[in-house]
Amino acid sequence: MYVVNTDGTIWSAFTGDDGVLWIDVEDDVEVVVNGAIVDGQIRGAEVDDHGRIWIDYDD
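We now turn to the structure provided with this report. (Residues numbered from 1 in each chain as written. Predicted model: local features only at pLDDT ≥ 70, side-chain atom pairs only at ≥ 80, totals over all residues. Heavy atoms only, no water.)

1. Section: the overall build of the protein chain
A count of helical and extended segments in the protein chain gives zero helices and six strands. Taking 2.2 N^0.38 as the reference for a compact globule, 59 residues should give roughly 10 Å; the C-alpha atoms of the protein chain span a radius of gyration of 11 Å, in line with that estimate. Considering only intrachain contacts with a sequence separation of at least 6, the fraction spanning at least 24 residues in the protein chain is 31%. As displayed, the protein chain offers around 4,400 Å² of accessible surface, 44% of which is attributable to carbon and sulfur atoms. (Helix = DSSP H or I, 4+ residues; strand = E, 2+ residues; numbered from the N terminus. Rg over C-alpha atoms; globule rule 2.2 N^0.38 Å. Contact = heavy atoms within 4.5 Å. Areas by Shrake-Rupley, 256 points an atom, 1.4 Å probe, with all protein chains shown as cover.)

Pasting the structure below:
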């Protein structure tokens with residue numbers, strides 16, 4: 001999985017068994033997620049207060 005932030009930066013990412021989003025970066029960064037690339041398609045997405053990513057599959 002990849003995530004895309006609001007300025008268009010794309011990072012490699014994965015979710016744990018509990019749905020928490022982990023972004024593969026070496027530095028501390030603040031990321032506002034508004035999309036995720038799933039199977040080559042960009043979909044709307046957001047992260048909740050617990051770090052779980054929610055992806056919109058209704059696009």
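2. Looking at the nonpolar core
Of all hydrophobic cores here, the largest spans nine residues; its members are Val 3, Trp 11, Ala 13, Leu 21, Val 33, Ala 36, Val 38, Ala 45 and Ile 53. Within the residue set of this core, elements represented by two or more residues are strand S2 (10-15) and strand S4 (33-38). A total of three residues in this core trace back to one element, the largest contributor, which is S4. Every residue in contact with Trp 11, bar those within four places of it in the chain, is listed here: Met 1, Tyr 2, Val 3, Asn 5, Ile 23, Asp 24, Val 25 and Val 31. (Core = buried A, V, L, I, M, F, W, Y, C linked by side-chain atoms within 4.5 Å. Buried < 20%, exposed > 50% of the residue type's maximum accessible area, 1.4 Å probe, protein only.)

3. A few points about the sheet that holds S4
Spatial ordering of the open sheet is given by S3-S2-S1-S4-S5-S6, a layout of six strands whose pairing is antiparallel. Looking at strand neighbours, the two that pair on one side only are strand S3 (21-23) and strand S6 (53-55), the edges of this open sheet. Here the average twist between neighbouring strands, direction ignored, is 40 degrees. Inspection of the sheet shows S2 paired to S3 by three bridges, in the antiparallel sense. When the sheet's bridge partners are listed, Ala 13 is paired in S3 with Ile 23. (Pairing = 2+ DSSP bridges. Axes fitted to C-alpha atoms, helices over the stretch in contact; angles between N-to-C directions.)

4. Thoughts on unusual backbone geometry
Positive phi outside glycine occurs at Asp 39, with the angle close to 50 degrees. Along the chain, Asp 39 falls in the loop between S4 and strand S5 (41-47). For Asp 39, a relative accessible area of 80% gives the class exposed.

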